Amino acid sequence: MALVRPAAMWHGHGMPDQASLSRRQVLRAGAGVAGLAFGGLVVGGQSQNAGAFAAATPADWADLGRSIRGTLIMPNDPAYATARLGWNTIYDGIAPQAVLQPAGVGDVQQAIAFCRDTGVRPTPRSGGHSFQGFSTSTGLIIDMSAMKSVTMNSQRSRARIGAGAVLIDVYAKLFQQGKMAIPGGTCPMVGISGLTQGGGVGPFIREYGLTLDRLVGAHIVTADGQHRYVNASEDRDIFWAIRGGGGGNFGVVTAFDFVPVPADMPTISANMTFAWRHAERVLEAFQTWPDALPASAHPNLVLATSDRSANAQPTATVGLWYRGSRARADQAMREFIAEVGVAPTSQTVLKQTFFEAEYDEYCAGFTEGQCTPVTSPGGLLPRLGLSTYSEISSAPWPRAANDVIVEELERWQRDRLLQPEGVSSALQAGKVIIEPLSGAVHDTAPTATAFPYRDGWLVYQFQSRVRPGAPAETVAAGQSWVNRFMSRLTPWRTGAEYSNYGNRELDQWATAYYGVNLPRLRKVKAAVDPGGLFRFEQSVRPDART
Ligand SMILES: Cc1cc2nc3c(=O)[nH]c(=O)nc-3n(C[C@H](O)[C@H](O)[C@H](O)COP(=O)(O)OP(=O)(O)OC[C@H]3O[C@@H](n4cnc5c(N)ncnc54)[C@H](O)[C@@H]3O)c2cc1C
C-alpha cells in the first residue's frame, strides 16, 4: 500500500500536499499564499469542553481561524447553536469545541494539522444524519456542507460530488445536467459522505448496486495531513476501505467520483396500505416478493405505530418504486395482493419523473426552501430522536419471526410511556422498515469492497422514534423497546448489521458491521491512521484489543 507519495505536490487551493504536515508547517506555507484570508472565527470563543482538551488554547483557535478560507464557528457565535447539531436529537447534549466549515481541501488540511498538534478530536460531518450521532463530538466538527458542488462530464460518464452534498442536491443536479442519478437513499438530507462510505441502500440498488458500487475514486485528507486521490490503482487499500468501512474512519473525504446511471425512465411510485389484522400475511408475502420483481423495481414495507386515539392500530404499508411502465407496476401489485389474499384498504399510484418521485417522497407540497431541515431558515424537515438496530437477513424469515414483529409493534401501540397522549405518530413512533438487498448488490464479491453482505436478502430497520426534547425516560423506553425486539428475534438473526443503520448499544458491532472484512479494515486503519486520530465510539480499531 503506497501511503506516502515521494514528492510534495500542490493541489487546488494553494496548500501543500505533503505527507505528515504539522499545523505550524501548514500555517507557514499558507501565510504566503494568496487566497488565504480570515475565516469567520469569533476570537476568544471559549469551548464548553475546553478542560477535556487542554492543548487547544484560545490562541490556537485564533490561529486556526486565520489560516482558513472557510468559517470557524466558536461556541459564542450565534451560528453555533444550530451549526453544532446533527439530525438525531438524542445527541443534542454533545457540545463540540468548534465547527469548521472548510471552503476547500486546504482548509481540511489545516483542520487536520490543528487536531494533530492540539489533540482535539476531528469529527467529519456531511449531512449530519448519522443514526448513532457519530458526526457529533466534543472535538472539532469538520462540517463539509460548503463543499457540495455536483458536476457531470459531457459524456455523462463521471459525476464529481462534493463531500458536503446532500441527496436532494445530488439528484436535482444530476437530473438537470442529463437525466442521470446515482443509486442512493430517498431521504433528501442524507449526506453523500456517510451514505457512500457505509453502503447506500435505495431505489436503484437492485439494478445498479449500492451507492458505493458506483464509486470510482475519491479525494481524501488522511490523518497525516496528506491529500490523496484514491481509486483502483492509487492508494487502493484506502479506496477499498471507504467503500463500506464506514464514514469517519480513514480520513476526511472532500469529493467523490461516481459513474452515474440513467434516470430518464418514468418512475412509478405506489403505496398499498393493508388492515393491521393482515400484517402477518403482508410480512410473509413480502419475504419473497422482491425476488419476483424486475431489477428496476424496489419495494419496501413499513410497519408503524399510529396515533394514540381510541382503537388505533399500527399500519402496514407496502411501497413500490418502479422505473418502467405503469402496466407492469400494476401487474406486480396485483401479484402481491393475490399472495396476501386480501385487498389493501387504500392504494395510490403516481407516474412521475425520477426527480419528482424523489422530491415528493419527503417534500411533496414543499418549496425548495422548505425541503431543508428545521435548523435552516424556513426548513420543514423534522429532526428526531432515533434508536435503531438493523438486521440483514440471508433468507426469508418464518412465521414465528413475523409474529414477533407484529406483537412488538402492538406492544408499542399500547405502551403509555412510548406513546404519550397528544404526540403525533409522525414524531413519535415505533417503526419497522424492510427493503431488499438483492439483485445487483449480489454481483460484487463480499471482499471486493469493505461492504461484506453481498448475499443479503432483506435489510430490516427496527426504529424507536421520539420527538425532539422527549423526556429521558421516553428515550430510554424506546431504546429498551428496540433492545427487547432484537433479543426476541435472536433465533432468526444472522448477526449482520448495516453500519449506516447501527446502534451505539450494539455488542460486537465491529463484526456485525464488517463481517469477513474486519481484519483487512483493521490493517488499513493501522497503516493510514496509526495514532488513531479519527476515533469515535464505533470507529475501526487497528487491532482487536484497542
Ligand atoms: C432520515 C434518514 C433517512 C435515511 N435513509 C437512508 C436510506 O434510504 N438509505 C441508506 O442507505 N441510508 C439511509 N440513512 C442512513 C444514512 O445512510 C447514514 O446515517 C449516513 O451515515 C448518513 O450520512 P451523512 O453524511 O448524512 O451523515 P453524517 O452524520 O454527516 O456522517 C456519518 C458518518 O460519516 C462520517 N463522515 C461524514 N462526512 C465525512 C467525510 N466527508 N469524510 C469522512 N467521513 C465523513 C461522520 O464522521 C460519521 O461517522 C438514513 C438516515 C436518516 C437519518
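Residues numbered from 1 in each chain as written. Predicted model: local features only at pLDDT ≥ 70, side-chain atom pairs only at ≥ 80, totals over all residues. Heavy atoms only, no water.

Notes on the sheet that holds strand β19 (residues 429–436)
Here is step 1 of the chain: Spatially, seven strands are ordered β17-β14-β16-β15-β19-β20-β18 in an open sheet, and the strand pairing comes out antiparallel. In the strand order of this sheet, the two ends are held by β17 (346–352) and β18 (385–392), each with one partner. Across the sheet, the axes of successive neighbouring strands diverge by a mean angle of 15°, strand direction being ignored.
Here is step 2 of the chain: As defined by bridge partners, strand β14 (residues 267–274) adjoins strand β16 (residues 315–323) across eight bridges and the pair is classed as antiparallel. Note that in β16 the partner of N271 across the bridge is G319.
Here is step 3 of the chain: Seen against the sheet, helix α10 (residues 326–340) touches β14, β16 and β17 and runs at an angle of roughly 20° to β14. (Pairing = 2+ DSSP bridges. Helix = DSSP H or I, 4+ residues; strand = E, 2+ residues; numbered from the N terminus. Axes fitted to C-alpha atoms, helices over the stretch in contact; angles between N-to-C directions. Contact = heavy atoms within 4.5 Å.)

Looking at the nonpolar core
Here is step 1 of the chain: W61, L140, L320, F336, I405 and F462 are the most contacted members of the largest nonpolar core, which has 129 residues in total.
Here is step 2 of the chain: In terms of residue count, the dominant contributor to this core is helix α5 (residues 167–178) (seven residues).
Here is step 3 of the chain: Discounting chain neighbours no more than four positions away, the residues touching F462 are S387, T388, Y389, E391, W397, I405, K431, V432, V482, F485, M486 and L489.
Here is step 4 of the chain: By size, the runner-up hydrophobic cluster in this structure holds 17 residues, among which are I205, F451, V459 and Y501. (Core = buried A, V, L, I, M, F, W, Y, C linked by side-chain atoms within 4.5 Å. Buried < 20%, exposed > 50% of the residue type's maximum accessible area, 1.4 Å probe, protein only.)

Side note on the pairing of strand β4 (residues 98–101)
Regular strands have side chains that alternate between both faces of the sheet.
Here is step 1 of the chain: Pairing of strand β3 (residues 71–73) with β4, which is carried by three bridges, proceeds in the antiparallel orientation. In the sheet register, L72 faces β4, and the bridge partner there is L100.
Here is step 2 of the chain: Relative to strand β6 (residues 140–143), β4 runs parallel, the two sharing three bridges. Looking across to β6, one finds that V99 is bridged to I141.

Some points on α5
Here is step 1 of the chain: In this model, α5 (12 residues) spans 17 Å end to end at C-alpha, consistent with the 16 Å of a helix rising 1.5 Å per residue.
Here is step 2 of the chain: Structurally, α5 contributes buried residues whose contacts are with β7 (150–152), β8 (159–162), β9 (180–181), α6 (192–198) and α11 (354–363).
Here is step 3 of the chain: Just downstream of α5 lies K179, where phi reads positive at about 50°. (Expected span 1.5 Å × (residues − 1).)

Quick word on the state of the cysteines
Here is step 1 of the chain: For the structure shown, the criterion picks out one disulfide.
Here is step 2 of the chain: Between the sulfur atoms of C363 and its disulfide mate C371 the distance is 2.0 Å. Across the S-S bond of C363 and C371 the torsion is about 75°, and the bridge reads as right-handed.
Here is step 3 of the chain: Unpaired in this structure, C187 has its nearest cysteine sulfur neighbour in C363, at a distance of 8.3 Å.
Here is step 4 of the chain: Looking at C187, the relative accessible area reads 17%, which means it is buried. (Disulfide = S-S within 2.5 Å.)

Some words on the pattern of salt bridges
Here is step 1 of the chain: Enumeration over the complete set of coordinates arrives at 19 salt bridges.
Here is step 2 of the chain: Among the salt bridges present, the one from R454 reaches D213, with a minimum N-O distance of 2.8 Å. Taken together, the positions of R454 in the loop between β19 and β20 (458–466) and D213 in the loop between α7 (205–208) and β10 (215–221) put the pair 241 residues apart, joining distant regions of the chain.
Here is step 3 of the chain: Owing to a relative accessible area of 4%, R454 belongs among the buried residues under this scheme.
Here is step 4 of the chain: Owing to a relative accessible area of 22%, D213 belongs among the partly exposed residues under this scheme.
Here is step 5 of the chain: Across the pair K525 and D529 runs a salt bridge, and its minimum N-O distance is 2.8 Å. (Salt bridge = Lys/Arg side-chain N within 4 Å of Asp/Glu carboxyl O.)

Here we look at the sheet that holds strand β5 (residues 122–125)
Here is step 1 of the chain: Pairing in this open sheet of four strands is mixed, and the strands run β3-β4-β6-β5 from one edge to the other. Looking at strand neighbours, the two that pair on one side only are β3 and β5, the edges of this open sheet. Recorded for the sheet is a direction-independent mean angle of 20° between the axes of neighbouring strands.
Here is step 2 of the chain: Of the strand pairs in this sheet, β5 and β6 are connected by four bridges, and their pairing is parallel. Among the inter-strand pairings, P122 is bridged to a residue of β6, identified as L140.
Here is step 3 of the chain: The sheet strands contacting helix α2 (residues 58–67) are β3, β4 and β6, and the helix crosses β3 at an angle near 155°.
Here is step 4 of the chain: Of the strands in this sheet, β4, β5 and β6 are in contact with helix α4 (residues 105–118), which crosses β6 at around 165°.

Overview of helix α13 (residues 472–488)
Here is step 1 of the chain: A rise of 1.5 Å per residue sets the reference length of α13, with its 17 residues, at 24 Å; its end C-alpha atoms lie 24 Å apart and thus fit the reference within 8%.
Here is step 2 of the chain: Listed as buried for α13 are T474, A477, G478, Q479, W481, V482, F485 and M486.
Here is step 3 of the chain: In this fold, the buried residues of α13 make contact with β18, α12 (399–414), β19 and β20.

With respect to the site of the ligand
Here is step 1 of the chain: Lining the immediate surroundings of the ligand are 32 residues, of which P124, S126, S135, V201 and Y498 lie closest.
Here is step 2 of the chain: P124 places a main-chain nitrogen or oxygen 2.6 Å from an oxygen atom of the ligand.
Here is step 3 of the chain: At 2.7 Å, a backbone N or O of V201 approaches a nitrogen atom of the ligand.
Here is step 4 of the chain: For the ligand, the protein covers 95% of the area, taking 960 Å² as the surface of the free molecule.
Here is step 5 of the chain: Within the residue set of the shell around the ligand, elements represented by two or more residues are β5, α6 and β12 (252–258). (Near = heavy atom within 4 Å. Polar contact = N/O pair within 3.5 Å; in protein donor to acceptor, adjacent residues only side chain to side chain. Areas by Shrake-Rupley, 256 points an atom, 1.4 Å probe, with all protein chains shown as cover.)

Quick word on the packing of helix α9 (residues 279–292) against α10
Here is step 1 of the chain: The contact between α9 and α10 brings their axes to 9 Å, and the two run at 140°. The angle between α9 and α10 places the two elements in the oblique class. The handedness of the crossing between α9 and α10 is right-handed. Listed contacts from α10 to R281, V282, A285, F286, W289 and A292 of α9 are R328, A332, M333, F336, E339 and V340.
Here is step 2 of the chain: Broken down by class, the residue content of the contact of α9 with α10 amounts to nine nonpolar, no polar and three charged. (Parallel < 35°, antiparallel > 145°, perpendicular 65-115°, else oblique. Left-handed = near helix turned anticlockwise from the far one by under 90°. Nonpolar A, V, L, I, M, F, W, Y, C, P; charged D, E, K, R; others polar.)

Comments concerning empty space enclosed by the protein
Here is step 1 of the chain: One pass over the full model with this rule turns up three cavities of 30 Å³ or more.
Here is step 2 of the chain: In this model, the largest cavity occupies a volume close to 40 Å³.
Here is step 3 of the chain: G86, W87, N88, Y91, G128, S130, G133, S135 and T136 together form the lining of the largest cavity.
Here is step 4 of the chain: Within the lining of the largest cavity, the residues separate by chemical class into two nonpolar, seven polar and no charged. (1 Å grid on protein atoms, 1.4 Å probe; cavity = no way out; pocket = protein on both sides within 12 Å on 5 of 7 lines; lining within 4 Å. Points joined across faces, edges and corners; volume = space filled by probe spheres on them.)

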